[in-house]
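Each chain, letter by letter, is given below.
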Amino acid sequence: MMRLIADNKHLSFGTAIIVLLLVFSMGGGVVVTRDMADVGAGRPSKPPTLEHLLGTDQQGRDVLADLMFGTPASLKIGLIAGVLGVFLGTILGLVAGYFGGFVDASIRLVTDVFLTIPSLLILVVVASLIRVVSVEEMALLIAALSWMWPTRAVRAQSLTIRERMYVQVARFSGTSHWRIIVFELLPNLLPYIAASLVGTISGAILVSIGLSTLGLGPQNEPSLGLTIYWAIYYGALIRQLWWWFMPPIFIIVLLFMGLFLISSGLDRIANPRLRTTI
Amino acid sequence: MTIGFLLRRLGIFCLIVFAAATINFMVPRLRPTNPIESRLYELAAQGGVRVGQIKEMVRIYNEKFGFDKPLYVQYANYWIDLAHGDMGTSISFYPASVRAEIMRAAPWTIGLLTVATLLSFGVGSILGALMAWPKVGPYVSFLVPIFMTLSAIPYYLLGIVMIYTFALVWPILPTSAAYSSGKNLEWSLDMILDIAKHAVLPAGSIILTGIGGWGLGMRAMMVTIMGEDYMNMAESKGLRPRTIFFRYALRNAVLPQVTSLAISLAHIMSGAVVVEVIFAYPGVGYLLFRAISGNDYFLIQGIVLFIILSIGIALLTLDLLYPLIDPRIRYGKN
């Protein structure tokens with residue numbers, strides 16, 4: 001396993017970036033304190049100094065503290081929504097792919113309908129009416145619309161695995177459906193599930209940052225999207241307060257780079273044929 | 001194409017419309033407060049209207065919008081109105097109708113996104129194909145990590161960086177809007193240049209982030225095609241490399257890309273919501289943002305329904321046209 005990660009440049013580089021970001025977000029309590037991310041912690045809109053390494057925003061929040069406490073919030077949303085979405089998607093995909101027939105047709109129909117409607121839009125409608133107050137609520141809301149791609153990926157793979165010889169043998173020897181799904185199908189699907197987990201996490205983070213940027217996220221806890229929302233709201237761009245909006249952008253780009261590399265690395269493990277191409 | 005496929009596809013379309021419209025109808029009514037009442041109290045807080053007057057206004061408006069009738073009557077009326085293309089009246093742009101506001105914004109979004117999507121598809125696909133071509137590949141291989149970075153950046157964040165760089169630090173382009181304020185919308189060269197100048201940055205951010213994805217996709221397709229027998233055949237026949245590249249490799253590799261292009265074109269209405277907000281570009285996305293800021297529920301729902309409908313119709317058309325683009329596809333045969 002370790003050798004697989006080391007051999008796979010994308011996977012190891014991506015993992016390194018994510019670990020770096022985790023260390024950064026755990027450093028929150030060491031380098032800065034939580035109250036530095038509160039309104040009025042310093043003088044407003046000041047460029048970086050030794051006291052505030054990344055300066056302060058319009059309302060006197062320390063930008064570095066804001067980021068160090070905001071990054072884990074965004075990661076948390078991604079993780080909760082991603083895990084729940086993939087969990088749901090795996091169950092639906094396995095059931096649809098294995099049983100086929102009417103069950104498959106109905107699951108496919110619902111998945112297709114939800115795939116067509118952009119989740120950001122449903123979330124905009126829901127979030128604009130029920131103001132989201134906490135990071136966890138936001139995560140659950142996004143999770144409710146994160147199961148479609150995993151469902152599709154898992155279903156497609158279970159369809160092919162279902163026809164393999166060892167599954168047929170298990171079926172003819174009278175193994176129960178649930179045993180076949182859990183012990184024959186699931187283990188062979190793990191690489192795909194892992195790849196779609198990373199994809200779902202990064203999709204969930206993207207949507208949550210989009211929602212926060214539109215002003216529809218939780219507004220009482222720091223998060224990466226909220227920092228950008230305030231920066232736009234107070235015209236940080238026009239006033240050229242670069243230390244306010246550039247660092248969160250940098251962190252978000254790093255985050256997506258890391259997730260992208262991991263998912264392309266996992267893809268290579270899931271589809272060995274891709275390995276020869278680079 | 002079989003009748004069964006056609007029916008299934010139409011069924012999905014109807015389901016999408018039904019689901020979107022019903023969510024739009026139900027969600028606001030799950031709230032304990034009345035949207036009109038809360039909006040009026042908000043106005044009162046700013047303006048100093050007496051509470052007694054508000055009660056009267058709420059009663060009149062409730063009657064006008066039909067909030068005093070039972071839920072199923074409201075639902076039926078909602079569908080009747082929708083069938084007439086009536087999506088209600090905007091609260092924040094009163095007395096403009098929701099439909100008029102959307103129709104004013106839609107051309108901007110369609111124009112910006114169509115140009116940006118086509119450009120990023122064209123440039124990305126050609127660069128991607130070159131990256132996989134043995135004679136050129138090594139010279140452009142430095143593009144691979146750049147493409148990966150670009151495809152990982154949310155386009156609106158690149159938009160922020162571009163505004164900062166090209167409109168503020170080095171002010172050669174306008175920061176926001178679709179045309180200079182004070183100008184009249186008319187068909188003149190001056191106006192077209194002005195619109196183009198304003199579109200460079202928002203379109204640029206979408207194009208640049210898009211190029212990465214198209215390029216990497218095209219490169220992967222080309223790599224697969226290079227291993228095909230007909231490529232060896234073409235080479236051994238002594239065809240010119242350019243002919244092989246364009247006629248044999250590119251033409252075959254681009255087909256799956258065209259499918260994705262069509263799907264992205266179907267999604268243009270929802271593609272740039274946040275970019276439009278950042279550039280204050282007067283399209284559908286910016287309208288949605290202003291509707292959210294103004295708690296204008298009718299407008300929010302109208303826009304969302306409009307976008308979902310446009311995606312549904314576009315994808316339906318695409319599915320029906322697809323056998324014409326790729327004759328290998330025959331729906332429902334296997």
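Small disclaimer: the values here were computed from a predicted structure and weren't measured.

Chemist: Tell me about the overall build of chain B, and please be specific about residues and values.
Modeler: Secondary structure assignment for chain B yields 15 helices and zero strands. Counting only residues that meet the buried cut, chain B has 33% of its 334 residues in that class.

Chemist: Tell me about the overall build of chain A, and name the residues and values.
Modeler: If you tally the helices and strands in chain A, you get twelve helices and zero strands. Sequence-ordered secondary structure for chain A, helices as α and strands as β, is α-α-α-α-α-α-α-α-α-α-α-α. Projecting the C-alpha coordinates of chain A onto the three principal axes gives extents of approximately 75 × 45 × 30 Å. Scored against the burial criterion, the 278 residues of chain A give a buried share of 49%. Long-range pairs, those at least 24 residues apart, make up 71% of the contacts in chain A with a sequence separation of at least 6.

Chemist: Can you break down the environment of A:Tyr166 residue by residue, with the values?
Modeler: Residue and element names in this part refer to chain A. When you line up the elements, tyrosine 166 lands in helix H9 (residues 165-172). Given 11 C-beta atoms within a 10 Å radius, tyrosine 166 is considered exposed. For tyrosine 166 and arginine 34, which are 132 residues apart along the polypeptide, the C-alpha to C-alpha distance reads 56 Å.

Chemist: Can you tell me about the packing of helix H2 (residues 9-26) of chain A against helix H12 (residues 242-270) of chain A, naming the residues and giving the values?
Modeler: Residue and element names in this part refer to chain A. In contact at an axis separation of 7 Å, H2 and H12 are set at 145° when each is read in the N-to-C sense. For H2 against H12, the interelement crossing comes out left-handed. On H12, the residues touching His10, Leu11, Phe13, Gly14, Thr15, Ile17, Ile18 and Leu21 of H2 are Leu254, Leu255, Met257, Gly258, Leu259, Leu261, Ile262, Ser264, Gly265, Leu266 and Arg268. A breakdown of the residues in the contact of H2 with H12 according to their chemical character gives twelve nonpolar, six polar and one charged.

Chemist: Just give me the short version of the interface of chain B and chain A, but keep the residues and values in it.
Modeler: Across the boundary between the two partners, chain B contributes 42 residues, which contact 34 residues of chain A. Breaking the side of chain B that touches chain A down by element, the ones donating at least two residues are helix H1 (3-29), helix H7 (143-152), helix H8 (155-169), helix H13 (273-279), helix H14 (284-293) and helix H15 (297-325) of chain B. Per-element accounting of the side of chain B that touches chain A gives the leading share, nine residues, to H1(B).

Chemist: How would you sum up the nonpolar core? Please name residues and give values.
Modeler: Counting residues in hydrophobic clusters, the biggest one holds 152 residues, and the most contacted among them are A:Ile77, A:Leu123, A:Val124, A:Ile142, B:Leu288 and B:Ile303. For A:Leu123, the contacting residues outside a window of four places in its chain are A:Leu141, A:Ile142, A:Leu145, A:Val207 and A:Leu211.

Chemist: Give me the lowdown on the packing of helix H5 (residues 98-132) of chain B against helix H9 (residues 189-226) of chain B, citing residues and values where you can.
Modeler: Residue and element names in this part refer to chain B. At a minimum axis distance of 5 Å, the contact between H5 and H9 shows a crossing angle of 35°. Here the hand of the crossing between H5 and H9 comes out right-handed. Residue composition of the contact of H5 with H9, by class: 22 nonpolar, eight polar and one charged.

Chemist: A description of unusual backbone geometry should follow, citing residues and the corresponding values.
Modeler: One non-glycine residue, A:Gln240, lies in the positive phi region at around 60°. Mapping A:Gln240 onto the fold places it in the loop between helix H11 (224-233) and H12. With a phi close to 50°, B:Ala280 is a non-glycine residue in the positive phi region. With respect to the element layout, B:Ala280 can be found in the loop between H13 and H14.

Chemist: Can you break down helix H4 (residues 71-83) of chain B residue by residue, with the values?
Modeler: Over its 13 residues, H4(B) extends 18 Å from the first C-alpha to the last, a length consistent with the 18 Å expected when each residue adds 1.5 Å. Just beyond H4(B), the residue with positive phi is B:Gly85, at close to 75°.

Chemist: Requested: an account of the environment of B:Val98, with residues and values cited.
Modeler: All names here are of chain B. Along the chain, valine 98 falls in helix H5. Taking the C-beta count within 10 Å as the criterion, valine 98 has 25 such neighbours and is therefore assigned buried. Each C-alpha atom of the pair valine 98 and glycine 11 lies 28 Å from the other, and the pair is 87 residues apart in sequence. Each residue touching valine 98, except ones within four places of it in the same chain, is listed here: Met87, Gly88, Thr89, Ser90, Phe298, Leu299 and Gly302.

Chemist: Outline H11(A), listing residues and values.
Modeler: Counting buried positions along H11(A) yields nine of ten residues, so the element is predominantly enclosed. Looking at H11(A), one finds that the buried residues are A:Leu224, A:Gly225, A:Leu226, A:Thr227, A:Ile228, A:Tyr229, A:Trp230, A:Ala231 and A:Ile232. Of the surrounding elements, those touching the buried residues of H11(A) are helix H4 (63-99), helix H10 (177-213) and H12 of chain A together with H13 of chain B. Positive phi appears at A:Gly235, one or two residues downstream of H11(A), with a value of about 65°.

Chemist: Talk me through the confidence of the model for chain B; I want residue IDs and the actual numbers.
Modeler: Residue and element names in this part refer to chain B. Summary statistics for chain B give a mean pLDDT of 81 and a share of 87% for residues scoring 70 or more. Summarising per-element confidence for chain B, the mean pLDDT is lowest in helix H2 (residues 35-47) (66) and highest in H5 (90). Taken together, the chains of this predicted complex give a pTM of 0.83 and an interface ipTM of 0.81.

Chemist: Break down the environment of A:Ser173 for me, with residues and values.
Modeler: Counting through the fold element by element, A:Ser173 comes out in the loop between H9 and H10. For A:Ser173, a count of 7 C-beta atoms within 10 Å puts it in the exposed group.

Cut-offs applied
Residues numbered from 1 in each chain as written. Chains lettered and ligands numbered in written order. Predicted model: local features only at pLDDT ≥ 70, side-chain atom pairs only at ≥ 80, totals over all residues. Helix = DSSP H or I, 4+ residues; strand = E, 2+ residues; numbered from the N terminus. Buried ≥ 20, exposed ≤ 12 C-beta atoms within 10 Å, placed from the backbone. Contact = placed C-beta atoms within 7 Å. Axes fitted to C-alpha atoms, helices over the stretch in contact; angles between N-to-C directions. Left-handed = near helix turned anticlockwise from the far one by under 90°. Nonpolar A, V, L, I, M, F, W, Y, C, P; charged D, E, K, R; others polar. Core = buried A, V, L, I, M, F, W, Y, C linked by C-beta atoms within 7 Å. Expected span 1.5 Å × (residues − 1). pLDDT = per-residue confidence, 0-100.

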